[in-house]
Amino acid sequence: MSKIILQADNICKAYIMGRSPLQVLRGASLSIHEGEFAAIMGSSGSGKSTLMHIIGALDLPDRGSVIFDRRDVFAQSRRERERLRNTQVGFIFQFYHLLPELNVFENILLPHMIGCSILGWPAAKKELKASASEAMEAVGLKDRARHRPNELSGGERQRAAIARAIVTKPRLLLADEPTGNLDRKTGLGILAVLDELHKQGQTIVMVTHDQAVADRADRILNLVEGRVQTD
Ligand SMILES: Nc1ncnc2c1ncn2[C@@H]1O[C@H](COP(=O)(O)OP(=O)(O)O)[C@@H](O)[C@H]1O
Ligand SMILES: [Mg+2]
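These notes cover the structure that comes with them. Owing to the predicted nature of the structure, the values given are computational and were not obtained by experimental measurement.

Topic: the nonpolar core
- Among the nonpolar cores identified, the biggest contains 41 residues, and I162, L173, L194, L197 and M206 are the most heavily contacted of them.
- Elements that contribute at least two residues to this core include exactly β3 (37–41), α3 (104–114), α4 (121–138), α5 (154–166), β7 (172–176), α6 (184–199), β8 (203–208) and α7 (211–214).
- When neighbours within four sequence positions are excluded, L173 is seen to be in contact with G90, I92, A165, I166, L194, L197, Q202, T203, I204 and V205.
- Within the second largest apolar cluster, 31 residues are counted, among which are A38, V89, L172 and V205.

Describing the site of ligand 1
- Y15, M17, L22, V24, S43, S44, G45, S46, G47, K48, S49 and T50 make up every residue found near ligand 1.
- The separation between an oxygen atom of ligand 1 and a polar main-chain atom of S46 is 3.2 Å.
- Between ligand 1 and S49, the relevant distance is 2.9 Å, taken from an oxygen atom to a side-chain nitrogen or oxygen of the residue.
- When the free accessible area of ligand 1 is taken as 570 Å², the share hidden by the protein chains comes to 60%.
- Broken down by secondary-structure element, the contributors of at least two residues to the shell around ligand 1 are β1 (4–17), β2 (20–33) and α1 (48–55).
- Of the residues contributing to the shell around ligand 1, the split by class is four nonpolar, seven polar and one charged.

Some points on the pairing of strand β4 (residues 63–68)
- Taken together, the five bridges between β1 and β4 define a ladder with antiparallel strand orientation. The residue bridging C12 from the neighbouring strand is R63, located in β4.
- Of the pairings in the sheet, the one linking β4 to strand β5 (residues 71–72) comprises two bridges and is antiparallel in character. Across the sheet, I67 pairs through a bridge with D72, a residue of β5.
- Between β4 and β5, which pair antiparallel one after the other, the connecting turn spans two residues, and D69 there sits at a positive phi close to 50°.

Comments concerning the sheet that holds β2
- Pairing within the open sheet is antiparallel, and its four strands lie in the order β2-β1-β4-β5. Sheet topology places β2 and β5 at the edges, where each strand pairs with a single neighbour.
- Bridge count between β1 and β2: eleven bridges; the pairing is antiparallel. Bridged to L6 within β2 is I32.

Overview of the pattern of salt bridges
- Enumeration according to the criterion identifies eleven salt bridges in this entry.
- Here E36 ties to R219 by a salt bridge, and the two come within 2.7 Å at their closest N and O atoms. With E36 in the loop between β2 and β3 and R219 in strand β9 (residues 219–224), this pair connects stretches of sequence that are 183 residues apart.
- Connected through salt bridges with shared partners, the residues K3, E34, D69 and R171 form a single ionic network.

Reading the values: rules and limits
- Residues numbered from 1 in each chain as written.
- Chains lettered and ligands numbered in written order.
- Predicted model: local features only at pLDDT ≥ 70, side-chain atom pairs only at ≥ 80, totals over all residues.
- Heavy atoms only, no water.
- Core = buried A, V, L, I, M, F, W, Y, C linked by side-chain atoms within 4.5 Å.
- Buried < 20%, exposed > 50% of the residue type's maximum accessible area, 1.4 Å probe, protein only.
- Helix = DSSP H or I, 4+ residues; strand = E, 2+ residues; numbered from the N terminus.
- Contact = heavy atoms within 4.5 Å.
- Near = heavy atom within 4 Å.
- Polar contact = N/O pair within 3.5 Å; in protein donor to acceptor, adjacent residues only side chain to side chain.
- Areas by Shrake-Rupley, 256 points an atom, 1.4 Å probe, with all protein chains shown as cover.
- Nonpolar A, V, L, I, M, F, W, Y, C, P; charged D, E, K, R; others polar.
- Pairing = 2+ DSSP bridges.
- Salt bridge = Lys/Arg side-chain N within 4 Å of Asp/Glu carboxyl O.

Take a look at the structure:
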């Protein structure tokens, strides 16, 4: 088996709603191997997005640890954690989260620009633009570079979001219900893009409530009552 790239142990997370806390994660643990395509399945409201945000260092757990490539993510400073997230993790969301005022090319370049200092930008620009073109080609969206999100179909928007997620060549790609807002046929096209990235070696963790979607992964982890059950 390949090496473990991410290990989450005993993750607990509650949301405070009114007087009683809503305990969503109750000791969730999982390991992800380099190069694998894993699906996290669970019913709506089971805490899949919460877990994905925590393993991607977008949110903090109340308890538990995440080790990413031997680094203890939540023992690091906020700055180090943000750097890890921006350079090593790519996110794909159900509703794309593209910026409407930017065109596809600019949306894809944005994460690169965040990781780059103002002084470093002129020198890095050429290489970064080449990576953005490469990412667009990988998702089959080369001829849509100058279009704004509202000029694209749902499937094309999700392709743009995938291109944005992979442009930094992240070690880990996290997808939260990536086909959840799409019709079946368009959704299959998105899964084919993820399959292709996986074949090229990309490590992917995909969250879904849909068994047919989860079946596309190498391994399914079930999130039940705040814990991950493995089969
Ligand atoms: N920021 C939040 N504040 C309060 N409750 C939340 C928040 N985010 C999620 N929840 C609640 O936590 C539970 C799990 O949510 P979520 O992780 O989004 O589940 P899933 O992605 O599996 O549908 C749900 O009951 C949801 O309403
Ligand atoms: Mg969710």
